[in-house]
Amino acid sequence: MICPQVSRKRFNETAKKVKRKEHITGAEARGQLARGYGYADFSEMNLHMMKMGHWK
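Residues numbered from 1 in each chain as written. Predicted model: local features only at pLDDT ≥ 70, side-chain atom pairs only at ≥ 80, totals over all residues. Heavy atoms only, no water.

1. Some words on the overall build of the protein chain
How we decide: The way it works is that DSSP assigns letters per residue, a run of H or I at least four long becomes a helix, a run of E at least two long becomes a strand, and they are numbered from the N terminus. We take the radius of gyration over the C-alpha atoms and set the globule estimate at 2.2 Å times the residue count to the 0.38 power. Burial classes follow relative accessibility: with a 1.4 Å probe on protein chains only, a residue under 20% of its type's maximum area counts as buried, one over 50% as exposed, and anything between as partly exposed. Only heavy atoms matter for contacts: two residues are in contact if any of them lie within 4.5 Å across the pair. Per-residue and other accessible areas follow the Shrake-Rupley method at a 1.4 Å probe size, with only the shown protein chains counted as cover for residues. The charged-residue count follows a simple rule in which Lys and Arg add positive charge and Asp and Glu add negative charge, with His and chain termini not counted at all. A single reference atom marks each charge: NZ on Lys, CZ on Arg, CG on Asp, CD on Glu.
Regarding its fold elements, the protein chain presents three helices and zero strands. Across the protein chain, helices and strands are ordered from the amino to the carboxyl terminus as α-α-α. On C-alpha atoms alone, the protein chain measures out to a radius of gyration of 11 Å, which is about the 10 Å that the 2.2 N^0.38 rule sets for 56 residues. Its C-alpha atoms give the protein chain principal-axis dimensions of roughly 30 × 20 × 15 Å. Looking at the protein chain residue by residue over its 56 residues, the buried ones come to 27%. Contacts in the protein chain between residues at least 24 apart in sequence constitute 48% of all its contacts with a sequence separation of at least 6. Accessible surface, the protein chain: about 4100 Å² in total, of which carbon and sulfur atoms supply 53%. Counting 12 positive and 5 negative side-chain charges, the protein chain places the averaged centre of each group 9 Å from the other.

2. Quick notes on the nonpolar core
Condition: Throughout, nonpolar core names a set of buried Ala, Val, Leu, Ile, Met, Phe, Trp, Tyr and Cys residues whose side chains join them through atoms within 4.5 Å.
If you look at the biggest cluster of nonpolar residues, it comprises 12 residues: Val6, Phe11, Ala15, Val18, Ala29, Leu33, Ala34, Tyr39, Phe42, Met45, Met49 and Trp55. For this core, the secondary structure elements donating two or more residues are helix H1 (8-22), helix H2 (26-36) and helix H3 (42-52). Setting aside chain neighbours within four positions, we find alanine 34 in contact with Phe11, Tyr39, Asp41, Phe42 and Met45.

3. A few points about the packing of H1 against H2
Each pair of packed helices gets described by two things: the angle between the helix axes and the distance between those axes. We count it as follows: Axes here mean lines fitted to C-alpha atoms, for a helix over just the part in contact, with angles spanning 0 to 180 degrees between N-to-C directions. Here a crossing is taken to be left-handed if its near helix is turned anticlockwise relative to the far helix by less than a right angle, and right-handed if that turn runs clockwise.
Direction vectors running N to C along H1 and H2 enclose 115°, while the axes themselves pass 8 Å from each other. Our pair here, H1 against H2, has a crossing hand that is right-handed. For the pair H1 and H2, the contacting residues are Phe11, Asn12, Thr14, Ala15, Val18, Lys19 and Glu22 in the first and Gly26, Ala29, Arg30, Gln32, Leu33 and Ala34 in the second.

Here is the structure:
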């Protein structure tokens, strides 16, 4: 599992771009990006980032 040094704002902006480009839902875009970082899904990444103190 990679611990990305990315802000929540930047992550969500990237998810919006993916969503528009691939015509998928926001949840699918966030999940796809999280899997790219090695997480099972966005909720796992969100919990890990909050636990590590990167996101509040």
